[in-house]
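Residues per chain are reported as follows:
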Amino acid sequence: MRGAGLLLLWRWGAQAGRGRRLCTRASPASPPWRLLFFGSDQFAVESLKLLAASRASGEGLLKTLEVVTLGGEVPVRRFATQHQLLVHSWPLGETEGRFDVGVVVSFGCLLPERLIRTFPHGILNVHPSLLPRWRGPAPVFHTVLHGDRVTGVSVMQIRPHKFDVGPILSQELHQVPDRCSAEQLGAALATKGAHLLLDTLRNLPERMASKQEQSRSGATFAPKIHSSMSWVSWEEQTCDQIDRLYRAIGCRIHLRTMWEGRSLKLLDFVGRCHIALADERRRPAPGSVTFLKESNTLAVWCKDGCVGFKAVLLKKRLTAADFYNGYLHQTLLTTGAVFVSARPANVPSNSAAQSQTNSS
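None of these values were measured; they are calculated from a predicted model. (Residues numbered from 1 in each chain as written. Predicted model: local features only at pLDDT ≥ 70, side-chain atom pairs only at ≥ 80, totals over all residues. Heavy atoms only, no water.)

Participant: So what's going on with the environment of Gln241? Residues and values would help.
Facilitator: With respect to the helices and strands, the residue Gln241 is situated in helix α8 (residues 239–249). Taking relative accessible area as the criterion, Gln241 reaches 12% and is therefore assigned buried. Between the alpha carbons of Gln241 and Lys303 there is a distance of 9.9 Å; along the sequence they are 62 residues apart. For Gln241, the side chain forms a polar contact with the main-chain nitrogen of Thr238, separated by 3.0 Å. (Helix = DSSP H or I, 4+ residues; strand = E, 2+ residues; numbered from the N terminus. Buried < 20%, exposed > 50% of the residue type's maximum accessible area, 1.4 Å probe, protein only. Polar contact = N/O pair within 3.5 Å; in protein donor to acceptor, adjacent residues only side chain to side chain.)

Here it is as structure tokens:
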């Protein structure tokens, strides 16, 4: 009898233990949410800033807000520390039963399936494009580089094993302003994405119920920006393509060309230049350089005209006038000044890459 009683007590204790574990895993069907935020750069800070403000306001959207970020003094870590948010370093430890929903914004790491499954309402991602257009790590840069007139932000539910392929919960269009840089566009989309994220979280059950799988057509990839993209191809690229290249990567990487066997960085781009020619049918060869004294500009001929730069970087920064007086003047008197396109043989030209993507 005593043994039977002990058995009953053991069974009751086991059931109670299971009940306690089930209680820790239970998640509400509506706000306030226990939210874990994954992010790293300034784009991500905009979403985290709005989440923190919402929680501080007491509007009832968030019960808890904790942050996961990468090592080092990345912008998300600095913001979280300044605002006394609990910060976890990546890779993350146990999360079972601690959070209702996750949010990933510009984090850069693929989350494992076992981690995703610990969030009852899944993990959301704020992505600065109209998915499936520009999947990948650099959508804003490629939006500018390829001359898209319309872009936007998407809030999607992430899936394991691949980036940017999950179902869409919310999207909002954004008109790309004329001649905006990737930096300017990224800032605008960061703000728009943050507001769309909060709206999605306020109506999460409804958005989850009506989520849409991404279209199988129209998908394009936005690879990371790398230094080999900075070489200008004077023979292949138009004024407009060079303009877009500068606005896309110029805030991070200087455009480059070769001059007399040396790498030359092109600074302070001013766009298309207009030079009167005696015979429009006999334009200078691509790469030919002219110094425009009145505007202190180096005008370089490309495929369909010429573009201007106010300065270059050789051994040091030189204005157009300094470069002309110190280097170009003698060259023009003898052989003529020509900038030479240079690009690693295994890297496609920017103009070819743009044509290929625009036709996809």
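Participant: Describe the packing of aromatic side chains, listing the residues and the values that go with them.
Facilitator: Applying the stated criterion to the full structure yields 13 aromatic pairs. Look at Phe38 and Trp90: their rings are 6.3 Å apart centre to centre, the planes differ by 75 degrees, and that puts the pair in the edge-to-face class. In this pair, Phe38 sits in strand β1 (residues 33–39) while Trp90 sits in the loop between β3 (86–89) and β4 (101–105), placing the two residues 52 residues apart along the sequence. Among the aromatic side chains, those forming a connected cluster through ring pairs are Phe38, Trp90, Phe99, Phe107 and Phe119. (Phe/Tyr/Trp six-rings, centres within 6.5 Å; stacked < 30°, edge-to-face > 60°.)

Participant: Describe the packing of helix α2 (residues 42–57) against helix α6 (residues 182–202), and please don't skip the residues or the numbers.
Facilitator: Viewed as axis vectors pointing N to C, α2 and α6 meet at an angle of 40 degrees, and their least axial separation amounts to 8 Å. With respect to α6, the element α2 is oriented oblique. α2 and α6 meet at a crossing whose hand is right-handed. In this structure, α2 contributes Phe43, Glu46, Ser47, Leu50, Leu51 and Ser54 to the contact, and α6 contributes Gly186, Leu189, Ala190, Thr191, Gly193, Ala194, His195, Leu197, Leu198 and Leu201. Here the residues of the contact of α2 with α6 sort into nine nonpolar, six polar and one charged. (Axes fitted to C-alpha atoms, helices over the stretch in contact; angles between N-to-C directions. Parallel < 35°, antiparallel > 145°, perpendicular 65-115°, else oblique. Left-handed = near helix turned anticlockwise from the far one by under 90°. Contact = heavy atoms within 4.5 Å. Nonpolar A, V, L, I, M, F, W, Y, C, P; charged D, E, K, R; others polar.)

Participant: Give me unusual backbone geometry: which residues, what numbers.
Facilitator: Of note, the amide linkage connecting Pro31 to Pro32 takes the cis form, showing an omega dihedral of 5 degrees. Along the chain, Pro32 turns up in the loop between α1 (2–25) and β1. Here the amide bond leading from Trp90 into Pro91 is cis, since omega sits at 0 degrees, within 30 degrees of zero. Within the secondary structure, Pro91 is located in the loop between β3 and β4. Residue Glu260 is not a glycine yet carries a positive backbone phi of 50 degrees. Here Asn296, not a glycine, exhibits a phi torsion of approximately 50 degrees, which is positive. When you line up the elements, Asn296 lands in the loop between β10 (289–292) and β11 (297–301).

Participant: So what about the packing of α2 against helix α3 (residues 75–82)? Which residues, and what values?
Facilitator: Following both chains from N to C, one finds α2 and α3 inclined at 25 degrees, their axes separated by 8 Å at the closest point. Considered as vectors, α2 and α3 are oriented roughly parallel to each other. Judged by the twist between their axes, the crossing of α2 over α3 is right-handed. Contacts between α2 and α3 involve Gln42, Ala44, Val45, Leu48, Lys49 and Ala52 from the former and Pro75, Val76 and Phe79 from the latter. Among the residues making up the contact of α2 with α3, the classes are represented as seven nonpolar, one polar and one charged.

Participant: Tell me about the pattern of salt bridges, residues and numbers included.
Facilitator: Applying the stated criterion across every chain, the model contains 15 salt bridges. One salt bridge in this structure joins Arg179 and Asp243, with 2.3 Å as the shortest N-O distance. Placement of the pair is Arg179 in the loop between β7 (168–175) and α6 and Asp243 in helix α8, with a sequence separation of 64 residues. The partner of Asp243 in a salt bridge is Arg247, with the nearest N and O atoms 2.8 Å apart. Of this pair, Asp243 and Arg247 both sit in helix α8, separated by four residues, roughly a single helical turn. One exposure class covers both Asp243 and Arg247, and it is buried. Residues joined by salt bridges that share partners form a network here, namely Arg179, Asp243 and Arg247. (Salt bridge = Lys/Arg side-chain N within 4 Å of Asp/Glu carboxyl O.)

Participant: Please give an account of the nonpolar core that cites residues and values.
Facilitator: The biggest cluster of nonpolar side chains holds 73 residues, and the ones touching the most others in it are Phe37, Trp234 and Phe323. Examining the composition of this core, we find that eight residues originate from one element, α6, more than from any other. The contact partners of Phe323, leaving out residues within four places of it in the chain, are Trp259, Leu264, Leu298, Val312, Leu314, Leu318, Leu328 and Phe339. (Core = buried A, V, L, I, M, F, W, Y, C linked by side-chain atoms within 4.5 Å.)

Participant: Which residues make up the confidence of the model for the protein chain, and what values go with them?
Facilitator: On average, residues of the protein chain score 88 in pLDDT, and 86% of them are at 70 or above. Note that pLDDT drops below 50 for residues 1–25; the model gives that stretch five contacts with residues more than four away or on any other chain. Counting contacts from residues 355–360, a segment whose pLDDT is below 50, to residues more than four positions away or on other chains yields seven contacts. (pLDDT = per-residue confidence, 0-100.)

Participant: If you had to explain the pairing of β4 to someone new, which residues and values would you point to?
Facilitator: When you tally the buried positions in β4, you get five out of five residues, the bulk of the element. Alternating residues of β4 divide into Val101, Val103 and Val105 and Gly102 and Val104, and every residue in both groups is buried. Where β1 and β4 come together, five bridges link them in parallel fashion. Opposite Leu36, over in β4, you have Gly102 as the bridge partner. (Pairing = 2+ DSSP bridges.)

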